[in-house]
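Each chain is listed here by its residues.
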Amino acid sequence: MRLVKHKRRVLTWSLSMWCVYAAGLLEVVPYIVPYLDDWIPKWLSILFLAASPIARLIHQPALKENDNDR
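All values reported here derive from a predicted model rather than from experimental measurement. (Residues numbered from 1 in each chain as written. Predicted model: local features only at pLDDT ≥ 70, side-chain atom pairs only at ≥ 80, totals over all residues. Heavy atoms only, no water.)

Undergrad: How should I be thinking about the packing of aromatic side chains in this particular structure?
TA: A ring pair, where both rings are aromatic, is described by two values, the distance of the centres and the angle of the planes. A full pass over the atoms with the stated rule returns 1 aromatic pair. Ring geometry for Trp18 against Tyr21: centres 5.5 Å apart, planes inclined by 85 degrees, an arrangement best described as edge-to-face. Of the two residues, Trp18 and Tyr21 both sit in helix α2 (residues 15–32), 3 residues apart, roughly one turn of that helix. Classification of Trp18 by relative accessible area gives partly exposed; the value is 48%. (Phe/Tyr/Trp six-rings, centres within 6.5 Å; stacked < 30°, edge-to-face > 60°. Helix = DSSP H or I, 4+ residues; strand = E, 2+ residues; numbered from the N terminus. Buried < 20%, exposed > 50% of the residue type's maximum accessible area, 1.4 Å probe, protein only.)

Right, here's the structure in full:
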């Protein structure tokens, strides 16, 4: 296992992290705006969390490290 050197780029641009961010947002928003509690389905955050490992498998060339970074 090798850790990436550009952690900030991975945390902001990887699809799997955006799925986790969306699931977290869907869980927090009803506490901020109670009206949305009935509007947002409960299974939607679970769907985003289930999509996270699938999004991890998608090739993302923007996150590729250069050979000079090693």
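Undergrad: Can you help me understand the environment of Leu11 in this one?
TA: Position of Leu11 among the secondary structure elements: in helix α1 (residues 7–13). The class of Leu11 is partly exposed, set by a relative accessible area of 41%. Residues Leu11 and Tyr21, 10 residues apart in the sequence, show an inter-C-alpha distance of 10.0 Å. Setting aside chain neighbours within four positions, we find Leu11 in contact with Met17 and Tyr21. (Contact = heavy atoms within 4.5 Å.)

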